[in-house]
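# Chain and residue survey
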Amino acid sequence: MKENQYKPETGLTHDDCEKYEGAVVPPIFQNSLFTFENWDAADKAFEDRQNHFIYSRGKNPTVKMAEEKLASLAGAEKAQLFPSGMGAVSAAVLSCVKSGDHVIAVKNLYGPAVNFLTQYLAPKFNVEVSFVQGNSTEDFENAIKANTSLIYLESPSTAVFSLQDIEAVAQLARSGGIKTIIDNTWATPVYQKPLAMGIDLEIHSCSKYLGGHSDIVGGVILGKAKDLDEIFTHEYEWIGAKTAPFEAWLLLRSLRTLHIRMEKHQQNALRVAEFLESHAKIRMVRYPGLKSFPQYELGQKQMSGYSGLLSFCMDTEDIDKVKLFFNSLELFHRGVSWGGFESLVYAPAISYIKELSPEQFANMGISPGDIRISVGLENVEDLIADLDRSLERI
Ligand SMILES: *Cc1c(COP(=O)(O)O)cnc(C)c1O
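What you see is a predicted model; the values in this text were computed from it and never measured.

On to the domain arrangement of the protein chain. Size of an interface: often given as the accessible area lost when the parts come together. Domain boundaries in the protein chain define domain 1 (8-255) and domain 2 (258-392). Contacts between the two partners involve 35 residues from domain 1 and, on the opposite side, 36 residues from domain 2. Taken over both partners, the interface formed by domain 1 and domain 2 buries close to 3,000 Å², and the fraction arising from carbon and sulfur atoms is 58%. Sorting the residues of domain 1 by area buried against domain 2 places Trp186, Tyr191 and Tyr209 first, and these three jointly supply 30% of that buried surface. Applying the counting rule to domain 1 against domain 2 returns one salt bridge. Residues lysine 301 and aspartate 165 are paired through a salt bridge, measuring 3.3 Å at the closest nitrogen-oxygen approach. Applying the counting rule to domain 1 against domain 2 returns 17 residue pairs in polar contact (both at pLDDT 80 or more). Elements represented by at least two residues in the side of domain 1 that touches domain 2 include exactly α1 (8-12), α8 (188-191) and α10 (245-255). By residue class, the composition of the side of domain 1 that touches domain 2 is 16 nonpolar, 15 polar and four charged.

So, on to the nonpolar core. If you look at the biggest cluster of nonpolar residues, it comprises 66 residues, and the most contacted ones within it are Leu276, Leu310, Phe312, Ile371 and Ile373. Formed jointly, this core draws a minimum of three residues from each of two domains, domain 1 (8-255) and domain 2 (258-392). Look past the residues within four positions of phenylalanine 312 in its chain and what remains in contact with it is Leu276, Ile282, Met284, Val285, Phe325, Gly369, Asp370, Ile371 and Ile373. The next biggest cluster of nonpolar side chains, apart from the first, holds 43 residues, and it includes Cys96, Leu121, Leu172 and Ile199.

Reading across the sheet, the five strands line up as β8-β9-β12-β11-β10 and stay open at both edges, with mixed pairing between neighbours. At either end of the open sheet lies a strand with only one pairing partner, and these are β8 (282-286) and β10 (333-334). Judged from the five bridges that link them, strand β9 (residues 309-314) and strand β12 (residues 370-374) form a sheet pairing that is antiparallel. Within β12, the position partnered with phenylalanine 312 by the bridge is isoleucine 371.

Moving on, we get to the pattern of salt bridges. Taken as a whole and judged by the stated rule, the model has 18 salt bridges. Lysine 145 serves as the salt-bridge partner of glutamate 128, at 2.3 Å between the closest nitrogen and oxygen. Within this pair, whereas glutamate 128 is found in strand β3 (residues 128-132), its partner lysine 145 is found in the loop between α6 (137-143) and β4 (148-154), the two being separated by 17 residues in sequence. The class for glutamate 128 is partly exposed, based on a relative accessible area of 35%. Accessibility expressed as a relative area gives 39% for lysine 145, which makes it partly exposed.

Quick look at the site of the ligand now. Taken together, the residues surrounding the ligand are Ser84, Gly85, Met86, Tyr110, Glu154, Thr158, Asp183, Ser205, Ser207, Lys208, Gly218 and Trp338. Contacts to the ligand include glycine 85, whose backbone N or O atom sits 2.8 Å from an oxygen atom. At 2.6 Å from an oxygen atom of the ligand is found a side-chain nitrogen or oxygen belonging to lysine 208. Protein contact buries 91% of the 380 Å² of open area that the ligand shows by itself.

What follows deals with the pairing of strand β5 (residues 179-183). Counting buried residues in β5 gives four out of five residues, a clear majority hidden from the surface. Both β4 and β5 contribute to a ladder of five bridges, which runs parallel. Bridging from a neighbouring strand, glutamate 154 pairs with aspartate 183 of β5. For the crossover from β4 across helix α7 (residues 166-175) to β5, the handedness is right-handed. Pairing of β5 with strand β6 (residues 201-205) involves three bridges; the strand directions are parallel.

Packing of helix α4 (residues 85-96) against helix α5 (residues 111-125) leaves a shortest axis separation of 10 Å and a crossing angle of 45°. Our classification of the angle between α4 and α5 gives oblique. Relative to α5, α4 is oriented so that their crossing is right-handed. When α4 is examined against α5, the residues Met86, Val89, Ser90, Val93 and Leu94 are found in contact with a partner set consisting of Pro112, Ala113, Phe116, Leu117 and Leu121.

Moving on, we get to the packing of aromatic side chains. On inspection of all chains with the given rule, the structure shows 12 aromatic pairs. With 6.0 Å between their ring centres and 25° between their planes, phenylalanine 232 and tyrosine 236 make a pair best called stacked. With phenylalanine 232 and tyrosine 236 both in helix α9 (residues 225-238), this residue pair falls four residues apart, about one helical turn. Tyrosine 236 carries the same exposure label as phenylalanine 232, and that label is buried. A ring pair is formed by phenylalanine 246 and tryptophan 249, whose centres lie 6.0 Å apart and whose planes are at 20°; its orientation type is stacked. Remark: tryptophan 249 and phenylalanine 246 occur in helix α10; sequence separation between them is three residues, near one turn of the helix.

About the cut-offs
- Residues numbered from 1 in each chain as written.
- Predicted model: local features only at pLDDT ≥ 70, side-chain atom pairs only at ≥ 80, totals over all residues.
- Heavy atoms only, no water.
- Domains from an automatic or database assignment.
- Contact = heavy atoms within 4.5 Å.
- Buried area = accessible area lost by both parts, 1.4 Å probe.
- Salt bridge = Lys/Arg side-chain N within 4 Å of Asp/Glu carboxyl O.
- Polar contact = N/O pair within 3.5 Å; in protein donor to acceptor, adjacent residues only side chain to side chain.
- Helix = DSSP H or I, 4+ residues; strand = E, 2+ residues; numbered from the N terminus.
- Nonpolar A, V, L, I, M, F, W, Y, C, P; charged D, E, K, R; others polar.
- Core = buried A, V, L, I, M, F, W, Y, C linked by side-chain atoms within 4.5 Å.
- Buried < 20%, exposed > 50% of the residue type's maximum accessible area, 1.4 Å probe, protein only.
- Pairing = 2+ DSSP bridges.
- Near = heavy atom within 4 Å.
- Areas by Shrake-Rupley, 256 points an atom, 1.4 Å probe, with all protein chains shown as cover.
- Right-handed = clockwise from strand over helix to strand, strands pointing away.
- Axes fitted to C-alpha atoms, helices over the stretch in contact; angles between N-to-C directions.
- Parallel < 35°, antiparallel > 145°, perpendicular 65-115°, else oblique.
- Left-handed = near helix turned anticlockwise from the far one by under 90°.
- Phe/Tyr/Trp six-rings, centres within 6.5 Å; stacked < 30°, edge-to-face > 60°.

Printed below as a string of structure tokens:
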């Protein structure tokens, strides 16, 4: 099949059956090594290791199949899968910085990414890290130093859902010879195409919507072939971040339904967000798809749709009431992560209340009454009734 001839969702639902005895689902290549017919064939493979199968710590056919689908979807020249989103985050960052460099990142990034930058990269490798609000491109401009080598974005951020003007930041970085990375997990490659806006490396946790069935942990880096070939050799093969063929196969399964899942997540989430926004016991809702969202215009400009993760603040500081609401929900499972078929609820206070002072807590832009929900694929009336009933109890 000529992939580019069709729309992305068509490409995701078609495989080269003739190659695999007509099997409509390609097999899993569960082998550690590949054999060569003779000396010359082995010699040829080692000449161009990025494009040959030699050993499954490097290229593997099942992993490659998933990578090619993801690259085509995101408009990337190449993709590299990783065993987790954090594997992709750390590899992408390591590929852009060296000791003595300076990194600018947005405030309220995904927590473990912050920890990697501030508690690992900074002290061990003498990399300087500055955090900026990022709502205005000037925030980045003002933070640039002579040794800045990387700007790291997450738009929308999954903590407070703030957006950055991706095209403007990419342009600013490019003019100063600075690399850019964006964590695009929230919007998915279906609804946001940062590479077309000039970003160098786009990363995703495949554990969220790309996987979508809450049975995969994985990550991916997307970008230009030159950058991805280097990442393959250094951060993937040398560091040994091997992706399991079975996980890649599950991901291929997931990608076949990505577009219809995203449409439904978007529809359901918008309905839930509108319900919450109109409820007297809710102080505010953070969802980029709501017209009342402060950066709604920017979202409209750079995204073609919205996913299902949102947060809201209950109109109470009484943690017992927040707990009662949280525990009363029947359809929303209580748990971390998001992006699966199932609706989930989590309260940032559970993780932070023990570690942070009330001031630090407020500084992060969250409050004890904050609740995060991942709106799943259930019937939306059922979800709204569950929220309504649990709000009635407080
Ligand atoms: C979950 C997540 C990650 C990390 O992905 P893992 O697969 O859990 O390692 C990175 N960024 C964002 C925004 C996430 O939500």
